[in-house]
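Architecture at a glance
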Amino acid sequence: MWKLMNRSASSEYEEQPEDNLLDDTEGLCSLSPLQRLYGFAAGLAAGLICMLLSLIVFVKPIKFALLFTFGNVLAIGSTAFLIGPRQQLRMMLDPVRVYATAIYAGCVLLALICALLVHSKILTIIAIICEICALIWYSLSYIPFARRVVSDLTIRLFDTEI
């Protein structure tokens, strides 16, 4: 108690900057490179385990959708350990991949709605297929020229004109 009173009395004469919890996020959330790597590995491993477990319950599309979607979100979220959540969000909302991010997030939401609320196996399977395609397209946005190559290849393979 004495230290508290002494501190408050001395603070009247000295102007000290206010500690704001939101301003000092680097100090609160700073992890060592090894801790970041462990967090990434744990998140990625948990995501991959969920995706592999979802294959076991493949015959039950609703359980499959829940495990697979949760695994996808964990795997993508694990990269936030490497680059930080703010940088990951900036990269996801980058003009180059904002549409891919929105489509992927929409497909994840659609798969969860079909599995949890609608309870339709056929719609859940369609939503999961869309989610996988959106995840591939989103992942390709991080590789230079990959989406262009895949687009050109798809046009060449499925072009009906001779």
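Residues numbered from 1 in each chain as written. Predicted model: local features only at pLDDT ≥ 70, side-chain atom pairs only at ≥ 80, totals over all residues. Heavy atoms only, no water.

- The name recorded for the protein chain in an unreviewed UniProt entry is Vesicle transport protein, from Forsythia ovata.
- As stated in UniProt under Subcellular location (unreviewed entry), the record for the protein chain gives "Membrane". (UniProt positions renumbered as here; feature names shortened; annotations may be inferred.)

1. Some details on the environment of glycine 39
- Tracing the chain through its elements places glycine 39 in helix 3 (residues 33–56).
- For glycine 39, a relative accessible area of 12% corresponds to the buried category.
- Put simply, glycine 39 and phenylalanine 81 are 42 residues apart on the chain and 5.9 Å apart in space, counted from C-alpha to C-alpha. (Helix = DSSP H or I, 4+ residues; strand = E, 2+ residues; numbered from the N terminus. Buried < 20%, exposed > 50% of the residue type's maximum accessible area, 1.4 Å probe, protein only.)

2. Re the nonpolar core
- Among the nonpolar cores identified, the biggest contains 10 residues, and these are Met51, Phe64, Ala65, Phe68, Ala75, Ala111, Cys114, Ala115, Ala127 and Ile128.
- Residue assignment for this core shows that the elements contributing at least two residues are helix 4 (61–83), helix 6 (98–118) and helix 7 (121–140).
- Per element, the largest residue contribution to this core is four residues, and it comes from helix 4.
- Core analysis: the next-biggest nonpolar cluster, separate from the first, contains nine residues, Ile76, Val108, Ala134 and Leu135 among them. (Core = buried A, V, L, I, M, F, W, Y, C linked by side-chain atoms within 4.5 Å.)

3. Some remarks on the UniProt feature "transmembrane region" (unreviewed entry) in the protein chain
- Summarizing the sequence annotation, UniProt attributes the feature "transmembrane region" (unreviewed entry) to residues 37–58, 64–84, 96–118 and 124–146 in the numbering used throughout.
- Summarising residues 64–84: 95% helix, 0% strand, and an end-to-end C-alpha distance of 30 Å.

4. Observations regarding the environment of alanine 105
- Examined against the element boundaries, alanine 105 turns out to sit in helix 6.
- Residue alanine 105 is classed as partly exposed on the basis of its relative accessible area of 43%.
- C-alpha of alanine 105 to C-alpha of glutamate 131: the two residues are 26 residues apart in sequence and 8.5 Å apart in space.

5. Let's talk about the confidence of the model for the protein chain
- With 81% of its residues at a pLDDT of 70 or more, the protein chain shows a mean pLDDT of 83.
- Here residues 12–25 scores under 50 on pLDDT; set against residues more than four positions off or in separate chains, the count is three contacts. (pLDDT = per-residue confidence, 0-100. Contact = heavy atoms within 4.5 Å.)

6. Brief notes about the packing of aromatic side chains
- Within the structure shown, the criterion is met by four aromatic pairs.
- On the numbers, 6.0 Å between centres and 20° between planes, the contact of tyrosine 104 with tyrosine 138 is stacked. With tyrosine 104 in helix 6 and tyrosine 138 in helix 7, the pair connects residues that are 34 residues apart, well separated along the chain. Of the two residues, tyrosine 104 and tyrosine 138, both sit in the buried class.
- Here tyrosine 138 and tyrosine 142 contribute two aromatic rings whose centre-to-centre distance is 5.4 Å and whose plane-to-plane angle is 80°, an arrangement assigned as edge-to-face.
- Using a relative accessible area of 32% as the deciding quantity, one classes tyrosine 142 as partly exposed.
- One aromatic cluster is present, built from ring pairs that chain together Phe58, Phe64 and Phe68.
- The cationic tip of arginine 97 hangs over the ring face of tyrosine 142; the distance from NZ or CZ to the ring centre is 3.9 Å. (Phe/Tyr/Trp six-rings, centres within 6.5 Å; stacked < 30°, edge-to-face > 60°. Lys NZ or Arg CZ within 6 Å of the ring centre and 35° of its normal.)

7. Points about a nonpolar patch on the surface
- Judged by side-chain polarity, Leu66, Leu109, Ile113, Leu116, Leu117, Val118, Ile122, Leu123 and Ile126 come together as a nonpolar surface patch covering roughly 820 Å² of accessible area.
- Looking at the nonpolar patch, the elements with two or more residues in it are helix 6 and helix 7.
- For the nonpolar patch, the leading source of residues is helix 6, giving five residues.
- The class for leucine 116 is partly exposed, based on a relative accessible area of 45%. (Patch = residues over 30% accessible without salt bridge, like charges linked within 9 Å, V, L, I, M, F, W, Y side chains within 5 Å. Areas by Shrake-Rupley, 256 points an atom, 1.4 Å probe, with all protein chains shown as cover. Salt bridge = Lys/Arg side-chain N within 4 Å of Asp/Glu carboxyl O.)

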